[in-house]
Amino acid sequence: MILVHVAKKEDYENALKSSFYGSFSIKKDGFIHCSKIEDVIDVANDNLKSIKDDLLILCIDARKVKSEIKWEERGSKKIKFPHIYGLLNMDAVINVIPFLKNKNGDFYLPTKVLEYKKES
């Protein structure tokens, strides 16, 4: 299964140096927020539009994640989201794709991410 996580480009680049990602998320929330491909656009447009940093979509092979993944219900829509309880080992990240906004300021799902939908 392919999970996705939206990361600041700078945080991702820093994680490449240590081979692990997410210590700031774990300190703040206790886990790393992820989602299914079909949920990432709604989450991003509801919660991330004000972020000015360059953002990336990390495509994560859940089978390779060494930390525990828990599926937990969040938000008013009662959607279950995958949360990684521990650092993300960077070798589980199989692709990194820029996460851009359209001319109206809304995030859109890059075609390359949709290619992983069959695996999620």
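Residues numbered from 1 in each chain as written. Predicted model: local features only at pLDDT ≥ 70, side-chain atom pairs only at ≥ 80, totals over all residues. Heavy atoms only, no water.

Draft legend 1. Layout of the packing of aromatic side chains. Applying the stated criterion across every chain yields a total of three aromatic pairs. Residues tyrosine 21 and phenylalanine 24 carry aromatic rings whose centres are separated by 5.4 Å and whose planes lie at 85 degrees to one another, so their mutual orientation is edge-to-face. It is lysine 70 that lies over the ring of tyrosine 85; its NZ or CZ is 4.5 Å from the centre. (Phe/Tyr/Trp six-rings, centres within 6.5 Å; stacked < 30°, edge-to-face > 60°. Lys NZ or Arg CZ within 6 Å of the ring centre and 35° of its normal.)

Draft legend 2. Up close: the pattern of salt bridges. With the rule as written, the count across this model stands at eight salt bridges. The closest approach of N and O atoms between aspartate 29 and lysine 28, which form a salt bridge, is 3.7 Å. According to the relative accessible area criterion, aspartate 29 is partly exposed, its value standing at 31%. The exposed category is assigned to lysine 28, whose relative accessible area is 68%. Ionic pairing is found between glutamate 38 and lysine 36, a salt bridge with its closest N-O pair at 3.9 Å. (Salt bridge = Lys/Arg side-chain N within 4 Å of Asp/Glu carboxyl O. Buried < 20%, exposed > 50% of the residue type's maximum accessible area, 1.4 Å probe, protein only.)

Draft legend 3. Looking closely at the sheet that holds strand β6 (residues 79-85). The three strands lie next to each other as β3-β6-β5, forming an open sheet whose pairing is antiparallel. On the outer flanks of this sheet lie β3 (32-33) and β5 (68-74), each paired with one strand and no other. Bridge count between β3 and β6: two bridges; the pairing is antiparallel. Among the inter-strand pairings, isoleucine 32 is bridged to a residue of β6, identified as isoleucine 84. (Pairing = 2+ DSSP bridges. Helix = DSSP H or I, 4+ residues; strand = E, 2+ residues; numbered from the N terminus.)

Function cannot be inferred from these measures alone, as they are strictly geometric.
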